[in-house]
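# Close look at the chain arrangement
One letter stands for each residue in the lines below.
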Amino acid sequence: MRTIRAAATGAVVMSLALAATACGGGSTDGGGSNDSPKTLTYWASNQGASIEVDKKVLQPELDKFEKRTGIKVKLEVVPWSDLLNRILTATTSGQGPDVLNIGNTWSASLQATGALLPWNDANLAKIGGKDRFVASALGSTGAQGQDPAAVPLYSMAYALYYNKQIFADAGIAQPPATWAELVADGKKIQAKGKQVLGAEGANVAENIHHVFVFAEQHGADFFTADGKPDFTSDGVVAAVEQYVGLMAKDKVIPQGNAEYAQNQSVSDFAKGKTAMLLWQSASANLTSQGMSADAYGIAPVPVRSGSPGAGAQVNSMVAGINLAVFKNTDNLDGATEFVKFMTGDEEQKILNTAYSTIPPVAAAQSDAAFNSPANVVLKDTLAKSAAALPQVADESQFETTVGTAVKELFADAAAGRAVTTESVKARLAKAQQQMPAK
Amino acid sequence: MTTAVEVAKPPVRPAGGGTRRPRPGRLRRVGLPYLLLLPALILELLVHLVPMVIGIVMSFKELTQFYIRDWGTAPWSGLDNYRVSVDFDAPVGEALLHSFLVTVGFTLLSVGLCWLIGTAAAVFMQDAFRGRGLLRALFLVPYALPVYAAVITWVFMFQHDNGLVNHVLHDQLHLTDKPSFWLIGDNSFYALLTVSVWKGWPFAFLIVMAGLQNIPRELYEAAALDGAGVWQQLRRITLPSLSQVNQVLVLVLFLWTFNDFNTPYVLFGRAAPEAADLISVHIYQASFVTWNFGTGSAMSVLLLLFLLAVTGVYLTLTSRNRRSSRAR
């Protein structure tokens, strides 16, 4: 009886303690410590063709880091579909990793949670200073006027991948530089029985990347200067209408692509079904799907007129992955050391080569390894004609609401319904109304 | 001093009556059931009640990403989250109402079809025949499969270009003019309904089959002797005998289907098409995609109240029916 009574008392105390913890409302820990100096947990985003590929790329580097510093890094590769939710959960509970990858477009949104270590001058000095990084990459690390919430790790840009054989068969000498040329080339390609341009119509993030670039080309922005959503301006409406119009009006994007969301358009391109693809750093992916590097060419994403790379002729977002440190890490020094290691010249060359991305570290970017024709196009784009997505706290919500509106517009186009200025404006107005009120 | 010592003495128990202290054995008998219930109560408290209370508190707060790290400091917003959710002229409320109506229609159709197919299959399997065991096991396969694996398979089958569904409907049976889209646009509702029914009817089959075991065979034999056909036996014996089983079955199916999150999420991802925007995914979007955790919590509380009301009315009606049928 005494044992039962003791167990019952213990259970009640434990339940009250747990309940009290649950009611605590997350971590209030203001900063990190060095309580656990010999271990780190690292959440890597899925960059390779699979999670296993990522482990093969990253583990040797982590072993190298352990040999140098004695700090063991526990790696978890998190799929993109789970990453944001996992970060939010970790933010709420305070039980996150020490170091993590974030999509660079999320930087400002996650910065607003206050969970990420700010990279002020003192912290940046520990990893070599901010001058080590390419300016465009550093522009996607947090809200303007604030210390970066992360540091750039891999840089990417969109490019036009085209199938050389299909182009030759259709009698096209060079890739299109403008959208009008792309549509005209599309007719020649369709005459040869091939699909023209692949797209991921049901992929919310892909949609937002493209309509952002189209909006930039129309001289419009999705946010006002003071950070308020402005989704229904004439320029934005025209941009979205033009992008969805590639399926609805110009018929160069196949209707079947309206439901693509799992990179099926990359597979179609790799199999030679589609002549062109707008993608960021696709080389490693295409190789893993059996397409040889000499079967396709890489050109800048088309613009409305003239040629890309000339100042305002934006033809890509600044895409990439950033490396962040959770503010309440138990190994602050180790986490900083790890960031320094991963952004070091040597590791930058190894990692960016493995992922066919561009190093955001200037010294590594100038290495001969990144001077292939494909990389020259991507580097040029990043240096001259890429723009960062709006670095505002509501960026994540913007991606979802506008990306979903574009998905619905593609569904309309696939169903044969007209996509008009009015229908685009109505969808965008709805998206804007769903944004959090200020 | 003497008085004080006398007061400190234990009271003298009156002989042969008066209040008696319970013996330890009796206490043990009375207390033991509560003690045995304690672990379940503690777990219930931890798993359901504490999160529910936290959710209710959150619904009165202006909880966005700015406060998620320490949600206790989020400012109180009073009833604002509820007002926004039920303002059907404004976009958030309008979208919630749309999602609610889609969910009601979807649930009624799905539960109805699950019940119908499950009952038909159970009645069909009532009589012994060669291969019945194998068929019964096959019927239960959808119920036994992991949801994710099963729904992902359906995603492949519903693909526009290479999916089996279009291959059969369009290429082989020529029932459609051109291949249809099932995962986007209006047809997504029917895709969702198909998967839901496919996944749900084996449970109805299992429960109805168990209920059928309790109906005495003599009733059917007597009815057959009186000239009752199969249809009359079904109407006069089988269905009335199953009424109590069906009441529980329909309630459980209703609650599961109304709250189903896995099926639409795996089928369509986090941005479901408008035609298949079920309320569970809608609330998830409000909370975890647009990061309006306060509004999402308010929507969850409203949903909980609705389900409680429906369950209460349903249980009241069904227990009244039971009482009146007993009285007859």
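Counting restarts for each chain, with residues numbered from 1 along the sequence as it is written. To read the labels, note that chains go from A and ligands from 1, taken in the order they are written. The model is predicted, so local features are restricted to residues of pLDDT at least 70 and side-chain atom pairs to those at 80 or more, both for listing and for counting; the totals for chains, interfaces and linings are taken over all residues. Excluding hydrogens and water, the side-chain values take into account all heavy atoms of the structure.

Attention now goes to the overall build of chain B. Where helices and strands are cited, they refer to DSSP runs of H or I of at least four residues and of E of at least two residues respectively, numbered from the N terminus. From N to C terminus, chain B includes 15 helices and zero strands. Only C-alpha atoms enter the radius of gyration; for comparison, a globular chain is expected to reach 2.2 Å times N to the power 0.38, where N is the number of residues. Against the compact-globule benchmark of 20 Å for 328 residues, chain B has a radius of gyration of 28 Å, which places it well outside the compact range. Based on the C-alpha atoms only, the size of chain B along its principal axes is roughly 110 × 70 × 35 Å. Residues count as neighbours in contact if any of their non-hydrogen atoms are within 4.5 Å of one another. The long-range fraction of contacts in chain B, counting pairs at least 24 apart against all pairs at least 6 apart in sequence, stands at 64%. When the accessible surface of chain B is summed, it comes to about 19,100 Å², and 66% of that surface belongs to carbon and sulfur atoms. Of the charged side chains in chain B, 25 are positive and 19 negative; the average position of the first set lies 23 Å away from that of the second. Only the protein chains shown count as covering a residue, and every accessible area follows the Shrake-Rupley method with a 1.4 Å probe. Within this scheme the basic residues Lys and Arg register as positive and the acidic residues Asp and Glu register as negative, but His and the chain ends are omitted. The location of each charge is read from NZ of Lys, CZ of Arg, CG of Asp or CD of Glu.

Turning next to the confidence of the model for chain A. Residue and element names in this part refer to chain A. Known as pLDDT, the predictor's confidence for each residue is given on a scale from 0 to 100. With 92% of its residues at a pLDDT of 70 or more, chain A shows a mean pLDDT of 89. When the elements of chain A are averaged for pLDDT, helix α1 (residues 2–22) gives the smallest value, 38, and strand β6 (residues 195–198) the largest, 98. Below a pLDDT of 50 lies the segment residues 1–29, which in the model reaches 34 contacts outside its immediate sequence neighbourhood of four places, other chains included.

Residue and element names in this part refer to chain A. Taken N-terminus to C-terminus, the directions of helix α2 (residues 51–69) and helix α14 (residues 345–354) make an angle of 165°; their axes are 10 Å apart at the nearest point. What the angle tells us is that α2 and α14 run roughly antiparallel. Seen from above, α2 lies across α14 with left-handed handedness. Residues Val57, Leu58, Glu61, Lys64 and Arg68 of α2 form the contact with α14, whose own contacting residues are Glu346, Glu347, Ile350, Leu351 and Ala354. A fitted line through C-alpha atoms serves as each axis, taken over the contacting stretch for helices, and the angle formed by two N-to-C directions is quoted from 0 to 180°. Oblique is the label for every angle not falling under 35 degrees (roughly parallel), over 145 degrees (roughly antiparallel), or within 65 to 115 degrees (roughly perpendicular). By convention the crossing between two helices is left-handed if the near helix lies anticlockwise of the far one by an angle smaller than a right angle, and right-handed if it lies clockwise.

Residues and elements named next belong to chain B. On the secondary structure map, Thr318 appears in helix α15 (residues 293–327). Here the term buried applies to any residue with accessible area under 20% of the maximum for its type, exposed to any over 50%, and partly exposed to those in between, with areas from a 1.4 Å probe on protein chains only. For Thr318, a relative accessible area of 9% translates into the label buried. On a C-alpha basis, the gap between Thr318 and Ile207 in space is 18 Å, while along the polypeptide they are 111 residues apart. Think of a polar contact as two N or O atoms within 3.5 Å of one another; within protein, one of them needs to be a possible hydrogen donor and the other a possible acceptor, and neighboring residues in sequence only count if both atoms come from side chains. Within the local environment of Thr318, its side chain forms a polar contact with the backbone oxygen of Tyr314, the two atoms lying 2.8 Å apart.

Salt bridges are defined by distance alone: a side-chain nitrogen of Lys or Arg within 4 Å of a carboxyl oxygen of Asp or Glu. Inspection of every chain in the model, using the stated rule, returns 20 salt bridges over all chains. Of the charged contacts in the structure, one is a salt bridge between Asp80(B) and Arg83(B), with a shortest N-O distance of 2.6 Å. Of the two residues, Asp80(B) and Arg83(B) both sit in helix α3 (residues 80–86), three residues apart, roughly one turn of that helix. Overlapping salt bridges bring together Asp412(A), Arg417(A), Arg427(A), Lys430(A), Asp186(B) and Glu274(B) as one network.

Turning our attention to the packing of aromatic side chains. Between the rings of Phe, Tyr and Trp (Trp by its six-membered ring), a pair exists once the centres lie within 6.5 Å; its type follows the angle of the planes, with under 30 degrees stacked, over 60 edge-to-face, and the other angles tilted. Under the definition given, this model contains 38 aromatic pairs over all chains. Taking 5.5 Å as the distance between ring centres and 85° as the angle between the ring planes, the aromatic pair formed by Tyr243(A) and Phe410(A) counts as edge-to-face. In this pair, Tyr243(A) sits in helix α10 (residues 234–248) while Phe410(A) sits in helix α17 (residues 395–414), placing the two residues 167 residues apart along the sequence. Classification of Phe410(A) by relative accessible area gives buried; the value is 0%. The interplanar angle of 80° and the centroid separation of 6.4 Å between the aromatic rings of Phe106(B) and Phe189(B) together place this pair among those described as edge-to-face. One end of the pair, Phe106(B), is in helix α4 (residues 91–124); the other, Phe189(B), is in helix α9 (residues 188–212), with 83 residues separating them in the sequence. Note on accessibility: Phe106(B) and Phe189(B) belong to one class, buried. Ring-pair connections join several aromatic residues into one group, and the members of that group are Phe261(B), Tyr265(B), Tyr284(B), Phe288(B) and Phe293(B). Above the face of the Trp76(B) ring, Lys61(B) is positioned so that its terminal group lies 4.5 Å from the ring centre. Charges are assigned to positions over rings by a cutoff of 6 Å between ring centre and Lys NZ or Arg CZ, combined with an angular limit of 35 degrees from the ring normal.

The subject of this paragraph is the sheet that holds strand β10 (residues 319–325) of chain A. All names here are of chain A. One open sheet holds the five strands; their spatial order is β2-β1-β3-β10-β4, and the pairing between them is mixed. Looking at which strands have only one partner, the edges of the open sheet turn out to be β2 (72–78) and β4 (151–156). Recorded for the sheet is a direction-independent mean angle of 20° between the axes of neighbouring strands. Helix-sheet contacts for α2 involve β1 (39–45), β2 and β4, and the interaxial angle to β2 is about 165°. Should DSSP find at least two bridges between two strands, the strands are regarded as paired.

Listed per partner, the contact involves 38 residues of chain B and 52 residues of chain A. Joining two parts hides part of their accessible area as seen by a 1.4 Å probe, and the buried area is that hidden amount summed over both. Taken together, both faces of the contact between chain B and chain A bury some 4,000 Å²; the carbon and sulfur share is 58%. On the chain B side of the interface with chain A, the three residues burying the most area are Arg69(B), Ile184(B) and Trp291(B), jointly 20% of the side's total. Applying the counting criterion to the chain B and chain A interface returns three salt bridges. Asp186(B) is the partner of Arg417(A) in a salt bridge, and the nearest nitrogen-oxygen pair spans 3.7 Å. For the side of chain B that touches chain A, the secondary structure elements donating two or more residues are α2 (24–58) and α14 (279–289) of chain B. The element that contributes the greatest number of residues to the side of chain B that touches chain A is α2(B), accounting for seven residues.

One non-glycine residue with positive phi stands out, namely Asn263(A), at about 60°. Structurally, Asn263(A) can be placed in the loop between α10 and α11 (264–270).

Detail in the predicted coordinates should be disregarded across regions flagged by low pLDDT. Residue and element names in this part refer to chain B. Here chain B shows a mean pLDDT of 87. Residues at 70 or above account for 91%. Confidence drops under pLDDT 50 across residues 1–9; counting only partners more than four residues distant or on other chains, this segment forms zero contacts. In the predicted structure, residues 14–18 sits below a pLDDT of 50 and forms zero contacts with residues beyond four places in sequence or in another chain. In the model output, the complex is listed with pTM 0.83 alongside ipTM 0.80.

A word on the side chain of Thr113(A). Residue placement: Thr113(A) occurs in the loop between α4 (107–111) and α5 (121–126). Within the local environment of Thr113(A), its side chain forms a polar contact with the backbone oxygen of Leu110(A), the two atoms lying 2.6 Å apart. Sequence-distant contacts of Thr113(A), defined by excluding residues within four places in its chain, comprise Thr91(A), Gln65(B), Ile68(B) and Arg69(B).

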